[in-house]
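# Architecture at a glance
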Amino acid sequence: MDLGIKGKRALVCASSKGLGRGCAAALAEAGVDLVLNARGADALEATAADLRAKYGVTVETVACDVATQEGRDALLAVAKDVDILVNNAGGPPPGVWSDWDRDDFIAALDANMLAPISLMKALLPHMIDQGWGRVINITSGSVKAPIPQLGLSNAARAGLTGYVAGTSRQVAPNGVTINNMLPGIHATDRAVSLDTGVSKAQGIDLAAATAQRQATIPARRYGTAEEFGAMCAFLCSQHAGFIVGQNIVLDGGAINATI
Ligand code: NAD
């Protein structure tokens, strides 16, 4: 299928690895020029070189922390007029409800709620002016079904989801869509780190912890960054203009709900 977005330009945050990289690769395959971001320059440059070589698109890089204002200023200096924005950042650490204090919540809100809101505020005006734009926020299945040990994530992402629910309806008349993608467990560094937490907590080895978590998924496996990226590229395509303010769950059936 021709996604109809060849020649568009996208900012994909937190994209040197994992789900962000999957989104960047699928957009590049559709002919979209990219601004990539991650905190560490080495992995970022390696990913940029790989995508340039594979897809022949222009790939710019900005190594910075998207959760900080300085980082976002650096991003916006390069990407202020993009057509597509994919918001992403690392997720907060796991714990117990009684662990977290105000500073922990502020850090989670900065990364997983206020950073994407701030980038939307900065980049939506250009999309509105030109009458076309696409915004994807990578959130989590925890928005639909809470993950008790990820209380910081549950809280911050619920806030972002509420903001998107209203804002997406306000910008839709201008040809701009905002949607959220809700990953269940995907095979990325984040999954390895959460598997490691389970293995330590239960005194089992990493493979056993992974198998235990895979058994909770009807598809009996973790998702891949490539599958996730393909959905992202479709939501950014010309075919997805009627999909507004939705929360698309990609979890192999893990959330046991009728709708
Ligand atoms: P990951 O931890 O593997 O992230 C990798 C990328 O994010 C790297 O490129 C890293 O440099 C970049 N990054 C992290 N924090 C950043 C920051 N503050 N500024 C700039 N770059 C930053 O994560 P992932 O597994 O790809 O997940 C992406 C998002 O989806 C995370 O918020 C995660 O919590 C969420 N999520 C993931 C899963 C999963 O199973 N992988 C499930 C549910 C939710």
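Refer to the preceding data block for the structure.
Residues numbered from 1 in each chain as written. Predicted model: local features only at pLDDT ≥ 70, side-chain atom pairs only at ≥ 80, totals over all residues. Heavy atoms only, no water.

### Regarding helix 7 (residues 206-214)
Definition in use: Burial classification: accessible surface area is computed with a 1.4 Å probe over protein chains only, and a residue below 20% of its type maximum counts as buried, one above 50% as exposed, and the rest as partly exposed. Helix and strand definitions here come from DSSP, where helices need a minimum of 4 consecutive H or I residues and strands a minimum of 2 consecutive E residues; each element is numbered from the N-terminal end. Directions from the helix axis toward the C-beta atoms define the arc. Here a residue-residue contact requires only that any non-hydrogen atoms of the pair lie within 4.5 Å.
Of the residues making up helix 7, those classed as buried are Ala 209, Thr 210 and Arg 213. Along the long axis of helix 7, the arc covered by the buried residues comes to 100 degrees, so they all point the same way. Where helix 7 is buried, its residues meet helix 6 (189-202).

### A closer look at the pattern of salt bridges
How we decide: Salt bridges are counted wherever a side-chain nitrogen of Lys or Arg sits within 4 Å of a carboxyl oxygen of Asp or Glu.
The full count for this structure, using the stated rule, is 7 salt bridges. Across the salt bridge formed by Arg 9 and Glu 60, the nearest N and O atoms sit 2.9 Å from each other. Of the two residues, Arg 9 is situated in strand 1 (residues 9-12) and Glu 60 in strand 3 (residues 59-63); the sequence distance between them amounts to 51 residues. A salt bridge links Asp 189 to Lys 17; the nearest nitrogen and oxygen atoms lie 3.5 Å apart. Residue Asp 189 is located in helix 6, and its partner Lys 17 is located in the loop between strand 1 and helix 1 (18-29); the two are separated by 172 residues in the primary sequence. Taken together, the shared-partner salt bridges in this structure form one network comprising Arg 9, Glu 60 and Asp 81.

### Thoughts on the sheet that holds strand 6 (residues 176-183)
So the rule is basically this: Two strands pair if DSSP finds at least two bridges between them. Axis geometry follows a simple rule: fit a line to the C-alpha atoms, using only the stretch in contact for helices, then measure angles between N-to-C directions, giving values from 0 to 180 degrees.
The parallel open sheet is built from 7 strands, whose spatial order is 3-2-1-4-5-6-7. Both edges of this open sheet fall to strand 3 and strand 7 (247-250), since each of them pairs with a single strand only. Going from strand to strand, the sheet's axes swing by 15 degrees on average, the running direction of each strand aside. Lying on the sheet, helix 1 is in contact with strand 1, strand 2 (33-38), strand 4 (84-87), strand 5 (133-138) and strand 6; it crosses strand 1 at an angle near 170 degrees. Each of strand 2 and strand 3 is contacted by helix 2 (residues 41-55), which is oriented at about 170 degrees to strand 3, the strand it contacts most.

### Focus: the packing of helix 3 (residues 69-79) against helix 4 (residues 102-130)
Test applied: Roughly parallel here means an angle under 35 degrees, roughly antiparallel means over 145, roughly perpendicular means 65 to 115, and every remaining angle is called oblique. Each crossing gets its handedness from the near helix: less than a right angle anticlockwise from the far helix is left-handed, clockwise is right-handed.
Close contact between helix 3 and helix 4 brings their axes to 11 Å; oriented N to C, the two are set at 30 degrees. Overall, the two elements helix 3 and helix 4 adopt an arrangement that is roughly parallel. In the crossing of helix 3 with helix 4, the sense of the turn from one axis to the other is right-handed. Contacts between helix 3 and helix 4 involve Gln 69, Arg 72, Leu 75, Leu 76 and Ala 79 on the former and, on the latter, Ala 115, Ser 118, Leu 119, Ala 122 and Leu 123.

### Comments concerning the site of the ligand
Selection criterion: A molecule or strand has a residue near it when one of that residue's heavy atoms lies within 4 Å. Polar contacts, as used here, are pairs of N or O atoms within 3.5 Å; protein pairs need one atom able to donate a hydrogen and one able to accept it. Residues neighboring in sequence count only if both atoms are side-chain atoms. We call Asp, Glu, Lys and Arg charged. Ala, Val, Leu, Ile, Met, Phe, Trp, Tyr, Cys and Pro are nonpolar, and the rest, Gly among them, are polar. All the domain ranges listed were derived from an automatic or database domain assignment.
Around the ligand, a shell composed of 27 residues is seen, among which Ser 16, Leu 19, Ala 89, His 186 and Thr 188 lie nearest. Within the contact set of the ligand, an oxygen atom lies 3.1 Å away from a backbone nitrogen or oxygen of Lys 17. Mapped by element, the contributors of at least two residues to the shell around the ligand are helix 1, strand 2 and helix 6. In terms of residue class, the shell around the ligand is built from 9 nonpolar, 12 polar and 6 charged. When residues of the shell around the ligand are assigned to domains, at least three fall in each of domain 1 (9-184 + 224-250) and domain 2 (186-222).

### Describing the environment of Trp 97
With respect to the helices, strands and loops of the structure, Trp 97 is situated in the loop between strand 4 and helix 4. You can call Trp 97 exposed: its relative accessible area is 71%. Taking C-alpha positions, Trp 97 is 7.5 Å from Gln 149, a pair spaced 52 residues apart along the chain.

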